[in-house]
Amino acid sequence: MATLLSQFTGYLTTALAGRFGDGTVAAPGITFAADQDTGVRRTGDNALAIVTGGVDRITVSSSGAVATAGPFSVGKGTYPVTISSDSASYANMGVGYGAGNTAAATGSNNVAVGLQALSSLTSGGSNSALGLRAGQSVNSGSSSVYVGTNAGSSVTTGGGNTLLGYGAGSQLAGSDGNNTIVGIYAAVAGMNGNIVLADGSGTPRYRWDGATNTIAGNLAVTGNQTTAGTVSASTHNVYTANAAAAALYGVATQDDIAGPGWAIGCAGIANLGTSNPTSTTGRTWGLYGAAPGAGAGGAVNVGVMAWSKSGYQFAAFNYAQNGYSFFVDGAGNIQPGTTDNTASIGTASNRYSTVFAGTNTINTSDKTLKTVRSTTLTNQERAWAKSIAVVAYQFNDAIAEKGVGGARMHWGVLAQDVYQAGLDAGIADPMHYAFLCRDPLTVHRQEIETVPTRVPAMETVQEPQTTIEMIDGRAVQRVVIVPVERQIVDSFPVFDESGNPLTRIEQPFVAGSPAAAEVRDDAGEVVQAAVAAVPEIPEVRVPIVHDVPRLIDSTAEVARDITEPVLDDHGAPVMRWGIRYTELLMFLLACQPPQS
């Protein structure tokens, strides 16, 4: 009796009082008669564990941290939501059924979120995957980001990929790497080091090729452009800013400008246009202007650029002359273009007023460049030289500006009088003598011309837009229907080289699961609820299409620069006369008797 009372008293202070022993993992403190290795045990101060089958399945630490011995699953059916991490300090985490393959992966710093995302991972590291089956075939590939359902699902060993979009990069080969791909089902097998932007049909619209650093695809820029830019292996233009358009160059040909505008050249361009001299190879940058109204296929007539080739710092290129107008070398010397002795400084109509220099100009007097015709003057030439009058004069524009008293006095000859003196002396053609100059005056003007062009076809569509309005003192969000201008795009099916239509996956295959009956224990308690069958979702493929912006015929006004001669009242060209004083002085000196 005493023993029974002692045991009863012990129960009063323990089990009957709601207090239990700590227990062990094999025999928890709170257990069940029919399953004594399952229950709850105390693992330390303010800590416990839930045990099943003699294993701590869930532990709660004194700080409140909850840990599981394996993946933590929420939900029922074939694919419950599972949260898992590795147990070998690889710093891998998976959220989703099979995500991250954390139980077997040996790579580190991987994060997988989504059903079977990174589910084949082995030694690959530093990967991030978000989406259903994103990166599901990756095993040893590393340093990649996969975002979107089936993004990069075919990549196995390739690394360094950034794939964003539904199925983005899903058609890459297993070893393809170092790609940045944005768009639904963008990219094809064999891409390495590419940057691809694709549209909703999977068609690449903008692509940098990793092997040659060229650009392919189409790019249309919104704005006031008249022509959508075409991006290909040899050109990449962006037309914008005005109706005449502008072009942004990397590698280009002279036929790329679709109207007057400017083109900016990028580094490493070998040539701009078929007539561009190869000496431009290696230039650092360039700025080019189109001839007004050149139109598609027209030559670029004016250009300015700077480059590092052979120490040249700056140059102006002129396609009409098929060469440089001038350039400035590294020492600051201004030199004429590629052809010697062909360019002038100023014209008869556009003169410089004053040239400031430390010394006189140097005129070529090389004997090897001259053919001597005579060393003495004829009688007519002597009579001409003696009749040339030297006069004092003031310039009319100086008199108009400063008055007679303020205009400076000059000494010289009057070119028309020199010409007439030659005729009077019997010279058949005084203009044959180079000290006399006579050049037509010209005037520049602009003429507006209407030229044919092609512009995007537009349509007005009604689209819903969300707006917030103040109604009775409250901010109310409303959906309103507004007209929106949108460019018309024609879609064409895409075929392979054999003529077979190409398709893409619209809906990936999703496996189903069979039904499961309700399970009860011996006491009639429900152990597992009945699960309905989940039908499989078949794969759905749709045709790949290529969108082409529709263009229509239109017109545009362009300004053309016109140069015309100045005419007098009788319709004859007005000439401006001039004198080469150095040569005139030599002519007059030849008239003097020789020194004894």
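In this text, all values refer to a predicted model and were calculated from it rather than measured experimentally.

Quick notes on the rules
- Residues numbered from 1 in each chain as written.
- Predicted model: local features only at pLDDT ≥ 70, side-chain atom pairs only at ≥ 80, totals over all residues.
- Heavy atoms only, no water.
- Pairing = 2+ DSSP bridges.
- Helix = DSSP H or I, 4+ residues; strand = E, 2+ residues; numbered from the N terminus.
- Axes fitted to C-alpha atoms, helices over the stretch in contact; angles between N-to-C directions.
- Core = buried A, V, L, I, M, F, W, Y, C linked by side-chain atoms within 4.5 Å.
- Buried < 20%, exposed > 50% of the residue type's maximum accessible area, 1.4 Å probe, protein only.
- pLDDT = per-residue confidence, 0-100.
- Contact = heavy atoms within 4.5 Å.
- Salt bridge = Lys/Arg side-chain N within 4 Å of Asp/Glu carboxyl O.
- Patch = residues over 30% accessible without salt bridge, like charges linked within 9 Å, V, L, I, M, F, W, Y side chains within 5 Å.
- Areas by Shrake-Rupley, 256 points an atom, 1.4 Å probe, with all protein chains shown as cover.
- Polar contact = N/O pair within 3.5 Å; in protein donor to acceptor, adjacent residues only side chain to side chain.
- Phe/Tyr/Trp six-rings, centres within 6.5 Å; stacked < 30°, edge-to-face > 60°.
- Parallel < 35°, antiparallel > 145°, perpendicular 65-115°, else oblique.
- Left-handed = near helix turned anticlockwise from the far one by under 90°.
- Nonpolar A, V, L, I, M, F, W, Y, C, P; charged D, E, K, R; others polar.

Our focus in this paragraph is the sheet that holds strand 3 (residues 47-52). Taken together, 5 strands build an open sheet; the order of strands is 1-2-3-4-5 and the sheet is antiparallel. With one partner strand each, in any of the chains shown, strand 1 (30-32) and strand 5 (66-68) form the two edges of the open sheet. With strand direction ignored, the average angle separating the axes of adjacent strands in the sheet is 20°. Across 3 bridges, strand 4 (residues 55-60) lies against strand 5 in antiparallel orientation. Across the sheet, Thr 59 pairs through a bridge with Ala 67, a residue of strand 5.

The next point concerns the nonpolar core. Side chains of nonpolar character tend, in soluble globular proteins, to be buried together. Formed by 18 residues in total, the largest nonpolar core has its most connected members in Leu 118, Ala 129, Val 138, Tyr 146, Leu 163, Leu 172 and Ile 181. Formed by 16 residues, the second largest nonpolar core is a distinct cluster that contains Ile 388, Leu 584, Phe 587 and Cys 591.

Before going further, it helps to spend a moment on the confidence of the model for the protein chain. Here the protein chain averages 75 in pLDDT, and 70% of its residues register 70 or above. The lowest-confidence element of the protein chain is strand 18 (residues 247-248), averaging 33 in pLDDT; the highest-confidence one is helix 4 (residues 415-424), averaging 97. Contacts of residues 212-304 to residues separated by more than four positions or lying in other chains number 230 contacts, the stretch itself having pLDDT below 50. Segment residues 306-311: pLDDT under 50, and 19 contacts once partners within four positions in sequence are set aside and those in other chains are kept.

Before going further, it helps to examine the pattern of salt bridges. The full count for this structure, using the stated rule, is 13 salt bridges. Put simply, Asp 22 and Arg 42 hold a salt bridge, and the shortest N to O gap is 3.0 Å. Of this pair, Asp 22 sits in the loop between helix 1 (2-13) and strand 1 while Arg 42 sits in strand 2 (residues 35-44), and the two are 20 residues apart along the sequence. Note on Asp 22: relative accessible area 37%, which makes it partly exposed. Overall, Arg 42 belongs to the partly exposed group, its relative accessible area being 35%.

What follows concerns a nonpolar patch on the surface. Together, Phe 20, Ile 30, Val 40, Leu 48 and Ile 50 make up a nonpolar patch on the protein surface, roughly 390 Å² of accessible area in all. Following the sequence through the fold, Val 40 ends up in strand 2.

Okay, the side chain of Ser 153 next. Within the fold, Ser 153 resides in the loop between strand 11 (145-147) and strand 12 (162-164). A polar atom in the side chain of Ser 153 sits 3.2 Å from the backbone oxygen of Asn 150.

So, on to the packing of aromatic side chains. In this description, an aromatic ring pair is defined by two values, namely the gap between the centres and the angle between the planes. Under the definition given, this model contains 8 aromatic pairs. Look at Trp 384 and Tyr 433: their rings are 5.1 Å apart centre to centre, the planes differ by 85°, and that puts the pair in the edge-to-face class. Remark: Tyr 433 occurs in the loop between helix 4 and strand 27 (436-440) and Trp 384 occurs in helix 2 (residues 379-387); sequence separation between them is 49 residues. Residue Trp 384 is classed as buried on the basis of its relative accessible area, which comes to 0%.

Packed helix pairs are specified by the crossing angle of their axes together with the interaxial distance, meaning the distance between the axes. Contact geometry for helix 2 and helix 5 (residues 581-591): axes closest at 9 Å, N-to-C directions at 115°. In this view, helix 2 runs roughly perpendicular relative to helix 5, as classed from their interaxial angle. Where helix 2 crosses over helix 5, the handedness of that crossing is left-handed. Packed against helix 2, whose contacting residues are Glu 381, Arg 382, Trp 384, Ala 385 and Lys 386, the element helix 5 presents Phe 587, Leu 588, Ala 590 and Cys 591 at the interface. Counted by class, the contact of helix 2 with helix 5 contains 6 nonpolar, no polar and 3 charged residues.

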